[in-house]
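Remarks on the overall topology
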Amino acid sequence: MYKNGLDIVNGNSGGTLPNIQTNLGGLNLSGGLYGATNNRIAFHSLGDSYTGTEAANLYTAVQAFQTTLSRNV
């Protein structure tokens with residue numbers, strides 16, 4: 001898991017990835033939204049198998065784009 005281009009969680013739990021609904025700004029609890037938030041989210045990416053370099057490059061590109069729109073965070 002990466003946050004702001006930095007590797008904050010590293011590891012592999014093994015097995016296959018689950019096929020479940022995801023919620024942005026809340027938890028999926030038995031198929032329902034739980035703990036929703038009203039926080040604003042400037043950008044979100046969900047993917048599989050980013051390398052550290054790819055994650056850092058994505059972060060840099062998004063920051064540059066957000067800055068051109070005067071909404072960098």
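As shown above, the structure is provided for reference.
Residues numbered from 1 in each chain as written. Predicted model: local features only at pLDDT ≥ 70, side-chain atom pairs only at ≥ 80, totals over all residues. Heavy atoms only, no water.

1. Notes on the overall build of the protein chain
Regarding its fold elements, the protein chain presents one helix and four strands. Along the chain direction, N to C, the helices and strands of the protein chain fall in the order β-β-β-β-α. Every one of the 73 residues in the protein chain was classed for burial, and the buried ones make up 7%. When contacts within the protein chain are restricted to residue pairs at least 6 apart in sequence, long-range pairs at least 24 apart make up 30% of them. (Helix = DSSP H or I, 4+ residues; strand = E, 2+ residues; numbered from the N terminus. Buried < 20%, exposed > 50% of the residue type's maximum accessible area, 1.4 Å probe, protein only. Contact = heavy atoms within 4.5 Å.)

2. As for unusual backbone geometry
Of note in the backbone geometry, Ser70 takes a positive phi value of approximately 60 degrees without being a glycine. Mapping Ser70 onto the fold places it in the segment after α1 (52-68).

3. Some details on the side chain of Gln66
If you trace the backbone, Gln66 turns up in helix α1. Of the residues examined, Gln66 reaches a relative accessible area of 3% and is grouped as buried. Within polar-contact distance, the side chain of Gln66 engages the side chain of Arg71 at 2.4 Å. (Polar contact = N/O pair within 3.5 Å; in protein donor to acceptor, adjacent residues only side chain to side chain.)

4. A closer look at a nonpolar patch on the surface
A surface patch of nonpolar side chains, about 340 Å² in accessible area, is lined by Leu27, Leu29 and Tyr34. Take Leu29: it is sitting in strand β3 (residues 27-29). (Patch = residues over 30% accessible without salt bridge, like charges linked within 9 Å, V, L, I, M, F, W, Y side chains within 5 Å. Areas by Shrake-Rupley, 256 points an atom, 1.4 Å probe, with all protein chains shown as cover. Salt bridge = Lys/Arg side-chain N within 4 Å of Asp/Glu carboxyl O.)

5. Digging into α1
An ideal rise of 1.5 Å per residue puts 24 Å on 17 residues; α1 measures up with 25 Å between its terminal C-alpha atoms. The set of residues buried in α1 consists of Ala55, Val62 and Gln66. Along the axis of α1, the buried positions cluster into a sector of 35 degrees, meaning they face one direction only. In α1, the exposed positions angled more than 90 degrees off the buried face are occupied by Thr53, Thr60 and Thr68. Next to the buried residues of α1 lie β1 (2-3). Positive phi appears at Ser70, one or two residues downstream of α1, with a value of about 60 degrees. (Expected span 1.5 Å × (residues − 1). Arc of directions from axis to C-beta.)

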